[in-house]
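A look at the structure
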Amino acid sequence: MSTETAPERDTAVAAPGLTTTVAGPGDAAAWDAFVRTRADACGYHEWAWRAVFERAFGHECVYLVARAGADVAGVLPLVFIRSPLFGRSLTSLPFLNYGGVLAASPAAARALVEAAGAQARERRCGHVELRHVARRFDDLPCRAHKVTMTLPLAPGLWERLDRKVRNQIRKAEKSGLTAASGGAELLDEFYPVFARNMRDLGTPVYAPTLFAEVLRAFPDRARLTIVRLKGQAIAGGLTFRTGGTVEVPWASSIRDYNALCPNHLLYWHILESAVALGATTMDFGRSTPGEGTFKFKQQWGASPVELHWEYVLNGGSEPPDQSPKNPKFRLAIAAWKRLPLWAANAVGPHLVRGIP
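The text that follows walks through the structure, step by step, so that each part is easy to find. (Residues numbered from 1 in each chain as written. Predicted model: local features only at pLDDT ≥ 70, side-chain atom pairs only at ≥ 80, totals over all residues. Heavy atoms only, no water.)

1. Description of the overall build of the chain
Applicable threshold: Secondary structure elements follow DSSP: runs of H or I of four or more residues count as helices, runs of E of two or more count as strands, with numbering from the N terminus. Throughout, radius of gyration means the C-alpha value; the globule benchmark is 2.2 Å times the number of residues raised to the power 0.38. The classification of residues rests on relative accessible area computed with a 1.4 Å probe and restricted to protein chains. Under 20% of the type maximum is buried, over 50% is exposed, and intermediate values are partly exposed. Contacts are residue-level and defined by heavy atoms, with any inter-residue pair within 4.5 Å sufficient.
Helix and strand counts for the chain stand at eleven helices and 15 strands. Over its C-alpha atoms the chain spans a radius of gyration of 21 Å, differing by no more than 12% from the 21 Å that the globule rule assigns to 356 residues. The principal-axis extent of the C-alpha atoms belonging to the chain is close to 65 × 45 × 35 Å. A burial count over the chain gives 53% of its 356 residues as buried. Taking the contacts inside the chain whose residues are at least 6 apart along the sequence as the reference set, 72% of them involve residues at least 24 apart.

Now the structure itself:
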């Protein structure tokens with residue numbers, strides 16, 4: 001059944017002067033108006049992402065809004081996931097780096113957390129996961145196992161790059177690699193590269209619908225960048241711009257061409273484009289400290305910002321570990337890497353919709 005036709009559920013939470021309910025379509029304008037007032041908001045708090053989750057994955061969205069009288073005092077976008085691997089959960093926000101509570105006061109923030117816990121109990125979820133940057137609730141269990149990598153942007157960036165990075169960009173150009181940016185017209189080039197890389201990493205791939213829906217929802221802020229060799233795409237990334245920040249939530253390359261440095265040309269083209277747009281920050285996306293992607297982003301001068309994922313547990317005493325580093329998934333990852341690409345592409349989207 002389409003989640004767009006599912007009935008909304010109201011959960012009132014007792015708090016002095018505050019009412020917390022599940023938002024419906026009629027709340028979209030007030031929701032976004034509140035998000036625009038908050039300096040601590042991220043682009044993923046915007047209402048338009050709700051349609052992305054619904055259309056790309058078929059998930060029910062549980063968007064909570066706290067009000068003081070008629071005024072919005074806080075919002076918390078949640079996505080309800082039923083996973084055969086991990087059970088039921090509410091996440092803010094799955095498949096992305098950020099989300100969580102956005103509130104004008106500690107009281108509104110606490111009311112939203114309590115409402116999220118009530119929704120989790122109603123849906124028999126094992127937990128609520130809140131993907132915050134800074135620590136928000138000291139009484140909640142927390143995992144700080146990931147960082148995002150950010151780089152200040154300004155004209156003259158080339159001269160500030162490490163010499164090794166500049167040489168690798170030049171090597172890519174001398175090897176005949178070219179880069180281009182665009183919109184949905186590049187999806188047919190981007191997706192095969194992304195899908196192959198995910199298989200090689202042992203990770204189920206998203207359906208192309210996800211990227212199509214992001215590009216549809218944000219035609220002026222989401223862009224695809226492709227690196228080609230002799231007209232064939234060998235690397236690509238999707239960027240998402242919010243205010244002065246350009247983020248790269250998804251990027252991939254075909255490892256057979258690593259010696260030609262396609263990733264360096266990809267990120268340099270993205271950085272050049274971001275500076276031309278007047279962006280002031282590049283967000284390279286989520287990494288695990290010390291791993292290969294972390295070191296790659298560090299080469300560009302990016303600095304780590306620790307992320308804090310906080311949990312409301314509904315039974316159990318420890319936050320869930322759903323990461324590929326969990327030893328229980330090691331055999332599954334190794335087996336997935338050996339799948340034929342057609343099989344990984346056919347099965348992957350059905351599995352990954354349940355892996356937030």
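Next comes the rest of the description.
2. Considering the side chain of histidine 264
Along the polypeptide, histidine 264 turns up in helix H8 (residues 262-276). Aside from chain neighbours lying at most four places away, what touches histidine 264 is Val165, Gln168, Ile169, Phe296, Gln299 and Trp300.

3. Considering the side chain of arginine 131
Keep this limit in mind: Residues adjacent in sequence count toward polar contacts only when both atoms are side-chain atoms; beyond that, a polar contact is any pair of N or O atoms within 3.5 Å, and within protein one must be able to donate a hydrogen and the other to accept it.
Its place among the elements puts arginine 131 in strand E6 (residues 127-132). The class of arginine 131 is buried, set by a relative accessible area of 3%. At 2.9 Å, the side chain of arginine 131 forms a polar contact with the backbone oxygen of proline 356.

4. A word on the packing of aromatic side chains
Selection criterion: Stacked, tilted and edge-to-face are the three classes applied to pairs of Phe, Tyr and Trp rings, where Trp contributes its six-membered ring and a pair requires centres within 6.5 Å; stacked means planes under 30 degrees apart, edge-to-face means over 60, and tilted covers the rest. In this analysis the charged atom, NZ for Lys or CZ for Arg, is taken to sit over a ring once it is within 6 Å of the ring centre and within 35 degrees of the ring normal.
Under the definition given, this model contains 27 aromatic pairs. On the numbers, 6.4 Å between centres and 75° between planes, the contact of tyrosine 206 with phenylalanine 211 is edge-to-face. Given a relative accessible area of 13%, tyrosine 206 falls into the buried group. Within the aromatic cluster, the residues linked to one another by ring pairs are Phe57, Phe95, Phe190, Tyr191, Phe194, Tyr206, Phe211 and Trp250. For the cation-ring pair, arginine 50 lies above tyrosine 63, with the distance from its terminal atom to the ring centre recorded as 5.4 Å. One Lys or Arg, arginine 131, reaches over the ring of tryptophan 309 and ends 4.0 Å from the middle of that ring.

5. Notes on the nonpolar core
Rule in force here: In this text, buried Ala, Val, Leu, Ile, Met, Phe, Trp, Tyr and Cys residues form a nonpolar core when linked through side-chain atoms within 4.5 Å.
Grouped together as the largest cluster of nonpolar side chains are 52 residues, with contacts concentrated most on Trp49, Phe53, Tyr206, Leu210, Phe211 and Trp250. A total of seven residues in this core trace back to one element, the largest contributor, which is helix H6 (residues 187-201). If sequence neighbours within four positions are ignored, phenylalanine 211 has contacts with Leu187, Phe190, Tyr191, Phe194, Tyr206, Leu238 and Trp250. One finds Val227, Ile234, Val248 and Ile270 within the second-largest nonpolar core, a separate group that totals 31 residues.

Geometric values such as these leave the question of function open.
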